[in-house]
Amino acid sequence: MWVRVCDSDLVKTNILRGALFTGALALLGGALTAFPASAAGYEACPDNSLCLYSGPDGTNDEGDSVHAFDLAKNSESESYETWNNKAESLMNNSSYWACMYVETRYGGQVKAIAPKAGTKITKGNLSAVAGNLGGKLASHKLAPSQGHCFTGFERCEDGFLCFFQQPSGRGAMFQTQIDYNAYHPDYWAKKIESVYNRTAKSACFYDKPAAEITAADKPFRVLPGDSTTVAGAHADTFVSHKLRDKADCS
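For the structure given in this document, a descriptive report is provided here. Per chain, the residues get numbers from 1 upward, laid out in the order the sequence is written. Residue-level local features of this predicted model are given only where pLDDT is at least 70; pairs of side-chain atoms are given and counted only at 80 or more, and the full residue set underlies all totals for whole chains, interfaces and linings. Only hydrogens and water are removed before side-chain values are computed, so all heavy atoms of the structure are retained for them.

It is worth spelling out the overall build of the protein at this point. Only DSSP runs of H or I with at least four residues qualify as helices, and only runs of E with at least two residues qualify as strands; both kinds are numbered from the N terminus onward. When helices and strands are counted, the protein shows three helices and 14 strands. Contact definition: two residues touch when any of their heavy atoms are within 4.5 Å. Once local pairs closer than 6 in sequence are excluded, the contacts in the protein between residues at least 24 apart make up 65%. To measure how exposed things are, a 1.4 Å probe is used in the Shrake-Rupley method; for residues, cover is taken only from the protein chains shown. Surface summary for the protein: the accessible area is close to 13,900 Å², and the carbon and sulfur share equals 54%.

Below, the structure written as structure tokens:
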């Protein structure tokens, strides 16, 4: 038996099919644009650049954009200013080592991120690729070797007293313009191996807290403008310091 379908029914059926097809494409299109957002973030990193992101997996918080640095911008990387302590992920799309620091002007804890090798590029969350540096970065520099991440005295800013956990201005650095009555035992107490004094005062280091210092205690002195590696019996002994106008620390 033949059943006749009227033209209006065919039109309604085609319209319904078209609507379903369009809806399916819309859903698919939404999936394609939303997934994966992290890949799009990393892919936005220019060649020969280090890129920082305020969110995980190459994403950015609302209102932020990728921070891309090349060698020409190394001077701008001494401090991220309002972006300090915001980076959560990175991509080193350069042929240089990326030296990441938790303090401005290449100070504090440091982590060296390997350069790209062929198609292999270091990227990921800071918590994974740089230990516990996630959300703590304040400066970086692009260096030709891993060793350049840990040197040297040039990291010390004018007007500051800087001390380091390795000889010759290498390793972690701390800079200050004030006296310290006692260093934190987990960070700097008995861990200072080199000093650069870029203040106008004498830096006077002691092997005991300020409250225990007597007139008989003779400080290790670093005069204004001097840098030195702390050797011999004085190495890894400092627990406090004072900045004094007189060279004899009186």
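Turning our attention to the pairing of strand E10 (residues 194-197). Partly exposed residues are those whose accessible area sits between 20% and 50% of the maximum for their type, while under 20% is buried and over 50% is exposed, using a 1.4 Å probe and protein chains only. Both faces of E10 are covered, namely the face carrying Ser 194 and Tyr 196 and the face carrying Val 195 and Asn 197. Judged from the four bridges that link them, strand E8 (residues 161-164) and E10 form a sheet pairing that is antiparallel. The residue bridging Phe 163 from the neighbouring strand is Val 195, located in E10. Strands qualify as paired when DSSP identifies two bridges or more between them. Here E10 runs beside strand E13 (residues 227-229); their pairing, made up of three bridges, is antiparallel.

A few words on the pattern of salt bridges. Side chains bearing opposite charge may pair, as long as their charged atoms lie close to each other. In what follows, salt bridge is the name for a side-chain nitrogen of Lys or Arg lying within 4 Å of a carboxyl oxygen of Asp or Glu. Going through the model one piece at a time under the given rule, you end up with five salt bridges. Residue Glu 154 is joined to Lys 141 by a salt bridge in which the shortest nitrogen-to-oxygen separation is 3.6 Å. Highlighted residues: Glu 154 in the loop between strand E7 (139-143) and E8 and Lys 141 in strand E7, separated in sequence by 13 residues. Residue classification places Glu 154 among the partly exposed residues on the basis of a relative accessible area of 47%. The class of Lys 141 is buried, set by a relative accessible area of 10%. The partner of Asp 158 in a salt bridge is Arg 198, and the shortest N-O contact between them spans 3.8 Å.

Taken together, the three strands give an open sheet; going across it, the order is E12-E11-E14, and neighbouring strands pair in antiparallel fashion. Each end of this open sheet is capped by a strand with a single partner; those strands are strand E12 (220-222) and strand E14 (240-244). Averaged over all neighbouring strand pairs, the angle between strand axes comes to 25°, with direction disregarded. Sheet analysis places strand E11 (residues 202-206) next to E12, joined by three bridges and oriented antiparallel. Across the sheet, Phe 205 pairs through a bridge with Phe 220, a residue of E12. Only the contacting stretch of a helix is used when fitting its axis, a line to C-alpha atoms as for every element, and angles between N-to-C directions run 0 to 180 degrees.

All right, on to unusual backbone geometry then. Positioned with a positive phi, Glu 81 is a non-glycine residue whose angle comes to about 55°. Inspection of the secondary structure puts Glu 81 in the loop between strand E2 (67-69) and strand E3 (89-93). The class of Glu 81 is exposed, set by a relative accessible area of 63%.

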